[in-house]
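# Residue-level structural notes
Listed below are the residues making up each chain.
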2 protein chains.
Amino acid sequence: MKKLAQTRESDDIFELSSFTPYLLNQAAEAQSDVFSRNYRERYGMLRTEWRVLFHLGRHGDMSAKEISESASIHKTKVSRAVRALEEKRFLSRITSPDDRRSERLSLRPPGQEAFRHLSRAAQDYEAALEQRLGKRDARKLRELLKRLDGT
Amino acid sequence: MKKLAQTRESDDIFELSSFTPYLLNQAAEAQSDVFSRNYRERYGMLRTEWRVLFHLGRHGDMSAKEISESASIHKTKVSRAVRALEEKRFLSRITSPDDRRSERLSLRPPGQEAFRHLSRAAQDYEAALEQRLGKRDARKLRELLKRLDGT
DNA sequence: TGTTGTTAGTTACTTTTGTAACTAACAAGA
DNA sequence: TCTTGTTAGTTACAAAAGTAACTAACAACA
């Protein structure tokens, strides 16, 4: 007998394994757990610190505000990450002369070295992922994820 | 002039936007933020609570241990979620007669209703996502995510 | 100059998570 | 029955994240 029309497709079976937000979260956690070893074990860094470091290394000196906007990280998280990186002697701050509320953050040599190291690790990680998924699928995945992150 | 061989592809430019763990995380957060309104605003539930509820609704009575394994949630998180759901009168526990360490968790009527409601919301959410991405790409995304979550 | 409103960044407080140690119950064998 | 080892679930403490309120500096204009 043919299947009848339904109000909702497969109303009966709905597993978490077909719920995209769940899968996204599982995959994100799994990947993050693996890569975080790179900055956690060697530098005792947290994810936000790694991101802030990355932005500074990638874009040169920035203010906390600029990092916050460009990386979509809340300013309190940035503030805490900056302090942690400062305590590790990875960056220095100089009060901006034209606006004394804001600070110019720059990587110091140890911070620059950490950036280079982690940046390389990230590229290697990405390359390994591309190996696993295949170039085509890896690219497709990134494309799809980009389409999602706005919503 | 032709591009020379490099040790690493595009050694020069490496943006966060091409780093899959970053994209995964952004997308996962964005999606979770949207869907969490469903269980947060109406039921005051946390994500782990929603997951535990879902498992109970989907698979019938289970022990905390079983949920923990089947959902890959740490047992302390499950323990806290179970207590929260119990306080909301969404579930009841009965000490298992054959092993008094373990408890049979069952959804009570209000919990069952919340499950049905949220389950429907999840299906609608998934359907909307499928609309946005297109059936083919939505399916592809799920497939790729599944391939990632083991690592 | 004084007032009003805005902005960069920090701090204080609360909520949530992670980790480890714990309790009570079980299991299997001496 | 008395170890010894394991397991289900909880609790206590520490680390991290979210939220709101705050400080100091700025801007614009009366």
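Residues numbered from 1 in each chain as written. Chains lettered and ligands numbered in written order. Predicted model: local features only at pLDDT ≥ 70, side-chain atom pairs only at ≥ 80, totals over all residues. Heavy atoms only, no water.

Identification of chain A as DNA-binding transcriptional regulator, MarR family from Alloyangia pacifica is taken from an unreviewed UniProt entry.

All names here are of chain B. Between helix α2 (residues 47-59) and helix α4 (residues 75-87), the shortest axis-to-axis distance is 9 Å and the interhelical angle comes to 80°. The angle between α2 and α4 places the two elements in the roughly perpendicular class. Judged by residue contacts, Thr 48, Glu 49, Val 52 and Leu 53 of α2 engage Lys 77, Ala 81, Val 82, Ala 84 and Leu 85 from α4. By residue class, the composition of the contact of α2 with α4 is 6 nonpolar, 1 polar and 2 charged. (Axes fitted to C-alpha atoms, helices over the stretch in contact; angles between N-to-C directions. Helix = DSSP H or I, 4+ residues; strand = E, 2+ residues; numbered from the N terminus. Parallel < 35°, antiparallel > 145°, perpendicular 65-115°, else oblique. Contact = heavy atoms within 4.5 Å. Nonpolar A, V, L, I, M, F, W, Y, C, P; charged D, E, K, R; others polar.)

With that out of the way, let us pick up the protein's contact with DNA strand C. In the neighbourhood of DNA strand C, 20 residues make up the surrounding shell, with Lys 65, Ser 79, Arg 93 and Arg 101 of chain A together with Arg 100 of chain B lying closest. If you look at DNA strand C and keep only atoms within 4 Å of the protein, 59% of those are sugar or phosphate atoms. Of all the elements in the fold, those that place two or more residues in the surface near DNA strand C are α3 (64-71) and α4 (75-87) of chain A together with α4 of chain B. It is α4 of chain A that provides the largest number of residues to the surface near DNA strand C, a total of 5 residues. (Near = heavy atom within 4 Å.)

Next up on the list: the nonpolar core. Judged by nonpolar contacts, the single largest core of 84 residues is most densely connected at Phe 19, Met 45 and Trp 50 of chain A together with Phe 19, Met 45, Trp 50 and Leu 53 of chain B. Apart from the residues lying within four places of it in its own chain, the contact partners of Phe 19 of chain B are Phe 35, Trp 50, Ala 122, Tyr 125 and Glu 126 of chain A together with Phe 14 of chain B. (Core = buried A, V, L, I, M, F, W, Y, C linked by side-chain atoms within 4.5 Å. Buried < 20%, exposed > 50% of the residue type's maximum accessible area, 1.4 Å probe, protein only.)

Moving on: the interface of chain B and chain A. With 56 residues of chain B at the contact, the number on the chain A side is 56 residues. Counting each side, the surface lost to burial between chain B and chain A is near 5700 Å², with a carbon and sulfur contribution of 59%. Counting across the interface, chain B meets chain A through 6 salt bridges. As a salt-bridge pair, Lys 140 of chain A and Asp 137 of chain B come within 3.0 Å of each other at their nearest N and O atoms. Viewed at the interface, chain A and chain B are joined by 20 residue pairs in polar contact (both at pLDDT 80 or more). Of the residues belonging to the side of chain B that touches chain A, the class tally is 24 nonpolar, 13 polar and 19 charged. (Buried area = accessible area lost by both parts, 1.4 Å probe. Salt bridge = Lys/Arg side-chain N within 4 Å of Asp/Glu carboxyl O. Polar contact = N/O pair within 3.5 Å; in protein donor to acceptor, adjacent residues only side chain to side chain.)

Turning to the protein's contact with DNA strand D, a few remarks are in order. Around DNA strand D sit 20 residues in total, of which Arg 100 of chain A together with Lys 65, Ser 79, Arg 93 and Arg 101 of chain B are the nearest. With respect to DNA strand D, the backbone of Arg 100 of chain A contributes an N or O atom lying 2.7 Å from a phosphate oxygen. Note that a base oxygen of DNA strand D is positioned 2.6 Å from one of the side-chain N or O atoms of Arg 101 of chain B. When contributions to the surface near DNA strand D are tallied by element, the ones reaching two or more residues are α4 of chain A together with α3 (64-71) and α4 of chain B. With 5 residues, the single largest contributor to the surface near DNA strand D is α4 of chain B. Here the residues of the surface near DNA strand D are counted per class, giving 2 nonpolar, 6 polar and 12 charged.

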